[in-house]
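Chain by chain, the residues run as shown.
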Amino acid sequence: MTHKSLLVADARTKKRNAAERRFKAYGLTAIVVAILALIMLLVSVFGTGASSFRQTYATVTVPLPEDKLDKSGVRDIDVMKKVTTIGYTKLLNEGFENVVIASGIPTELSRKDIGGMLSKEAAATIRDHILANSELVGTEATLDLLMNGRIDGYFKGRVTMESAALDSNTSPEELALAQALKDAGIVHTKFNWAFLTNPDASDQRPEAAGLGVAILGSLYMMIVVLVTSLPIAVAASIYLEEFAPKNRWTDLIEVNISNLAAVPSIVYGILGLAIFINFLELNQSSPLVGGLVLSLMTLPRIIIPARAALKSVPPSIRDAALGVGASKMQSVFHHVLPLAAPGILTGVIIGLGQALGETAPLLLIGMVAFVREYPAAYTPDAGLFGEASTALPVQVYNWTQRADPGFVERASGAIITLLIFLLVMNAVAIFLRRKFERRW
Amino acid sequence: MKDTNMQNPKISAKNVQVYYGDNHAIKDVNVEIADKTVTAFIGPSGCGKSTFLRCLNRMNDTIDICRVTGEIKIDNEDIYDAKVDPVQLRAKVGMVFQKPNPFPKSIYDNVAYGPKIHGLARNKAELDEIVEKALRKAALWNEAKDRLNSPGTGLSGGQQQRLCIARAIATAPEVLLMDEPCSALDPIATAQVEELIDELRQSYSVVIVTHSMQQAARVSQKTAFFHLGNLVEYDDTTKIFTNPDDPRTESYISGRIG
Ligand SMILES: Nc1ncnc2c1ncn2[C@@H]1O[C@H](COP(=O)(O)OP(=O)(O)OP(=O)(O)O)[C@@H](O)[C@H]1O
Ligand SMILES: [Mg+2]
């Protein structure tokens, strides 16, 4: 065959090049779509959720008369505890009204309405403060107290004068007063540490709801998952890949592991309910049970990439080690495992990431429970992992069920926190992988 | 085939058969390999040279489908005896593979690994000495002495092969199996390795697989010619290359089978 000029592309070449260009265009389109979807997700989550990291507070000076707060007169804590938040609410209303009067802002609102602009949580805040500092009784205390969710929403643009007019929980007058107080510097917005440290709060007070328990719950569950599934998964994959004889049984196990990785996660919840709660009688809703259930789910998802990583180590390395008289075990632990470590690590992080975001199995073991107080488990002197807790994704689910629009913002804020968790985990993985990665 | 019974063979194989599944790769091979001698295995590709070599240190154990029958004795001990630990055997019978396979570690660690796991050095100084001696013997010292801590995989193919040789001799084996050790080397490195092999003969029994007739003729005292899994002829190298008994050997060395 005689070739034509190389300067002119022939028909076949043109066709091939066109096919290649089309393929590249498809790939590029797919990536652009993916990036757009990611941007949309981030914009919507951060758009609604970022504001949950800022919160509106009022600086209030509260009178603390001894005759109301301490009938004993000797600061006997047990006597002082008899005064409920209702008693403190009265003082709070009085104090806040005084602040408003002192600022010289004219208002027609009653003392009760003015006090109502503060969060229902504020009375509990001041009560805890006084019980912890009983010497303050008889004087007065100046504190930053939470404003209620509507006022907070007004400063974040969620609540408007029009919507307030239709809302039985607030009124345009209250919003106007709040605005004037803000201009006077009495009401201010600051970084919301409480969002990261507070436990959940009831339906009426989204402004006080925080992720503290959920973050700790998720953290403890991740520790349980890491401690149980990592060694088991690595040991199982090393055994299956390097030591197990290739026969019908190992084939069966292999097929089963692949199937388990594809089992819907809610099934693991049922399994966990049956084994850990009904049979072993561990505490319902506890991070220990949650972690164990997630470990079951994560195990096959780590074993599969770990085996792939071990398989990808060239056999010549094993021969080399055996050839100088290393035992099978030495060849695996001195040579194969270090080379497979980056791959195994990637699998572990992906598995942990999935476990972190998993909701369904946790609902079944009762982690959806409303946890108002820090569980005693999180105080240093109680046994860890034992008591009812919640977790980040469950908290998101939980908050999206609530009626008050303030919780929409909270739910998005919780998603942001979850994403930051994932980001940190991935960063750690990348760091470790860099550290382990070796040139061939 | 001429009977080649020796006085005191280092290795003696009787009726060795090797199967890969249904593939009968080595057919009833009987051979005795002398101590302090270089024995060359030659033969066309796929005739079973590597397979037989790997029987001698039981590297075939790592291949699931591989089955070895017959008897192989080293120093009159049956290496396929149930009591023999292949790990101990491989410390005594070192191997250099067809393809260079250094560990992805530093040059120093590559050579030091064997001595370390066998406890051949009591301290760092002794280990350093072993490493230097091994690298010198493998004719790599001059190129490697300034970069002992750089990765062994960063060396050229020929240097890597010499590193593997250094690694094998660092564990002080009694028998050294070399599977085409020079196939990746240039003529100068080849000459160095051949010199090394000649030197190793003083203390070891060396078995070398090679595709180069000239190499077999240069370095070996005994030569075995394999063909289609059979050991066709085994005799003194000079005899094989000047006056072979079997017509197949004759045609292979003159380039008609291959
Ligand atoms: N791991 C293995 N699994 C199955 N069959 C194998 C394996 N290794 C070798 N064989 C078969 O055994 C026979 C002998 O192979 P071997 O590698 O010993 O040949 P060789 O003489 O070393 O060839 P070369 O000179 O090309 O290296 C061949 O038919 C080959 O297909
Ligand atoms: Mg070969």
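All values reported here derive from a predicted model rather than from experimental measurement.

In this structure, what is going on with the nonpolar core? I would like to understand it.
Side chains of nonpolar character tend, in soluble globular proteins, to be buried together. Counting residues in hydrophobic clusters, the biggest one holds 68 residues, and the most contacted among them are Leu211, Leu294, Ile344, Leu362, Ile365, Leu392 and Trp399 of chain A. At the level of secondary structure, the elements contributing two or more residues to this core comprise α11 (212–243), α13 (265–279), α14 (287–311), α15 (315–323), α16 (328–357), α18 (392–400) and α19 (406–436) of chain A. The element that contributes the greatest number of residues to this core is α14 of chain A, accounting for eleven residues. Lining this core are residues from two domains, each supplying at least three of them: domain 1 (53–192) and domain 2 (212–436) of chain A. Residues in contact with isoleucine 344 of chain A, not counting those within four places in the same chain, are Val234, Ala306, Ala309 and Leu337 of chain A. With 44 residues, the next largest nonpolar core counts Ala134, Leu140, Ala168 and Val219 of chain B among its residues.

When you look at the packing of aromatic side chains in this model, what are you seeing that I'm missing?
Aromatic rings in a pair are described by how distant their centres are and how their planes are angled relative to each other. Taken as a whole and assessed by the stated rule, the structure comprises eleven aromatic pairs over all chains. Between phenylalanine 52 of chain B and phenylalanine 226 of chain B the ring centres are 5.7 Å apart and the planes differ by 45 degrees, which places this aromatic pair in the tilted class. In this pair, phenylalanine 52 of chain B sits in helix α1 (residues 49–55) while phenylalanine 226 of chain B sits in strand β9 (residues 222–227), placing the two residues 174 residues apart along the sequence. Of the two residues, phenylalanine 52 of chain B and phenylalanine 226 of chain B, neither departs from the other in class, the shared state being buried. The rings of Phe53, Phe191, Trp193, Phe195, Trp399 and Phe407 of chain A are connected pair by pair, giving a single aromatic cluster. Arginine 402 of chain A extends its terminal NZ or CZ atom over the ring of phenylalanine 407 of chain A, reaching a point 4.7 Å from the ring centre.

Explain the coordination of the magnesium ion (ligand 2) to me, please; I cannot follow it from the model alone.
Reference values for angles at a metal are 109.5 degrees in the four-donor tetrahedral case and 90 or 180 degrees in the six-donor octahedral case. All names here are of chain B. For the magnesium ion (ligand 2), the full set of protein donor atoms is Ser50 (OG) and Gln98 (OE1), at a range of 1.9 to 2.7 Å. With a gap of 48 residues between them, serine 50 in helix α1 and glutamine 98 in the loop between β6 (93–96) and α3 (107–118) connect regions that are remote in the sequence. Of the residues examined, glutamine 98 reaches a relative accessible area of 35% and is grouped as partly exposed.

What should I look at first to understand the pairing of strand β1 (residues 54–63) of chain A in this one?
Residue and element names in this part refer to chain A. In terms of residue burial, β1 counts as a mostly covered element, since seven of its ten residues are buried. Relative to strand β3 (residues 187–191), β1 runs antiparallel, the two sharing five bridges. When the bridges of β3 are listed, arginine 54 appears paired with phenylalanine 191. Bridge count between β1 and strand β2 (residues 140–146): seven bridges; the pairing is antiparallel. Opposite valine 60, over in β2, you have leucine 143 as the bridge partner.

Procedures and definitions
- Residues numbered from 1 in each chain as written.
- Chains lettered and ligands numbered in written order.
- Predicted model: local features only at pLDDT ≥ 70, side-chain atom pairs only at ≥ 80, totals over all residues.
- Heavy atoms only, no water.
- Core = buried A, V, L, I, M, F, W, Y, C linked by side-chain atoms within 4.5 Å.
- Buried < 20%, exposed > 50% of the residue type's maximum accessible area, 1.4 Å probe, protein only.
- Helix = DSSP H or I, 4+ residues; strand = E, 2+ residues; numbered from the N terminus.
- Domains from an automatic or database assignment.
- Contact = heavy atoms within 4.5 Å.
- Phe/Tyr/Trp six-rings, centres within 6.5 Å; stacked < 30°, edge-to-face > 60°.
- Lys NZ or Arg CZ within 6 Å of the ring centre and 35° of its normal.
- Donors = N, O, S within 2.8 Å, 3.2 Å for Na, K, Ca; no water.
- Pairing = 2+ DSSP bridges.

Everything listed here is a matter of geometry and, on its own, says nothing about what the molecule does.
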